[in-house]
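Secondary and tertiary structure notes
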Amino acid sequence: MFAEEMKLSGRNGLVEKLLGRPRAPGKIVQHSEADIGANVASGSYRSDGMIVLPCTMGTLAGIANGMASNLIERAADVCLKEGRRLILCVRETPFNRIHLRNMQLAADAGATIFPVMPSLYNMPKDTTEMARQFVNRVLAHLGLPQTGAFEWKAE
């Protein structure tokens, strides 16, 4: 879905297309959504957490209800069962009662609901800066402080 929305042809080489490089860095591994046997689908694979960005309402429903029917849902399920951080960046609005119920279920299970909303208090000059600040906030929430991120200071 992400590849379609970003008008990137196919899923093969998606990471390289996003990074604008011919080869992805060694730390980045792209898995098929159907690869339930991938390392991130196991509790024995160490990670500090997971960010689902964007998190569609369908993906939210699968995670909130423990479906684990694809790799994203299974990896999220592993984060919840292992007590690791799980950040769901939901993006569709308006919310209906089912969406709100699923967000509540996911939050009760330990996920953080982090809607895709730009901050305006930092007076961004363009949409690129808005997106960058949003990503900085999400990564900081996972425990990865970002140099150059806006920090509120008392006047």
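Residues numbered from 1 in each chain as written. Predicted model: local features only at pLDDT ≥ 70, side-chain atom pairs only at ≥ 80, totals over all residues. Heavy atoms only, no water.

Judged by side-chain polarity, Leu53, Val116 and Val135 come together as a nonpolar surface patch covering roughly 210 Å² of accessible area. Looking at Leu53, the relative accessible area reads 40%, which means it is partly exposed. (Patch = residues over 30% accessible without salt bridge, like charges linked within 9 Å, V, L, I, M, F, W, Y side chains within 5 Å. Areas by Shrake-Rupley, 256 points an atom, 1.4 Å probe, with all protein chains shown as cover. Salt bridge = Lys/Arg side-chain N within 4 Å of Asp/Glu carboxyl O. Buried < 20%, exposed > 50% of the residue type's maximum accessible area, 1.4 Å probe, protein only.)

Residues Met50, Val52, Leu60, Ile63, Leu86 and Leu88 are the most contacted members of the largest nonpolar core, which totals 17 residues. Not counting chain neighbours up to four residues away, the residues in contact with Met50 comprise Ile72, Ala75, Ala76, Cys79, Arg85, Leu86, Ile87 and Leu142. Residues Ile87, Cys89, Val138 and Leu142 belong to the second largest nonpolar core, which totals six residues. (Core = buried A, V, L, I, M, F, W, Y, C linked by side-chain atoms within 4.5 Å. Contact = heavy atoms within 4.5 Å.)

Glancing now at the pairing of strand E2 (residues 85–90). E2 sits mainly inside the fold: five of its six residues count as buried. Note: strand E1 (residues 49–55) against E2, five bridges, orientation parallel. Bridge pairing in E2 places Ile51 opposite Ile87. Direction of pairing for E2 relative to strand E3 (residues 112–113): parallel, over a ladder of two bridges. Counted as the bridge partner of Leu88 is Ile113 from E3. (Helix = DSSP H or I, 4+ residues; strand = E, 2+ residues; numbered from the N terminus. Pairing = 2+ DSSP bridges.)

The pairing of strands in a sheet comes from backbone hydrogen bonds and takes either a parallel or an antiparallel form. The three strands lie next to each other as E1-E2-E3, forming an open sheet whose pairing is parallel. Of all strands in the sheet, those with a lone pairing partner are E1 and E3, marking the two edges. Together, E1 and E2 form the strand contacts of helix H4 (residues 71–82), whose direction differs from that of E1 by roughly 140°. Strands in contact with helix H6 (residues 127–141) are E1, E2 and E3; relative to E2, the strand with the most contacts, it is inclined by about 155°. (Axes fitted to C-alpha atoms, helices over the stretch in contact; angles between N-to-C directions.)

Moving on, we come to the pattern of salt bridges. Charged atoms that come close allow side chains of opposite charge to pair. Per the stated rule, a full pass over the model turns up four salt bridges. Between Arg74 and Asp77 there is a salt bridge; the shortest N-O distance is 3.4 Å. One end of the pair is Arg74 and the other is Asp77, both in helix H4 and three residues apart, which spans about a single turn. Classification of Arg74 by relative accessible area gives partly exposed; the value is 22%. By relative accessible area, which is 24% here, Asp77 ends up partly exposed.

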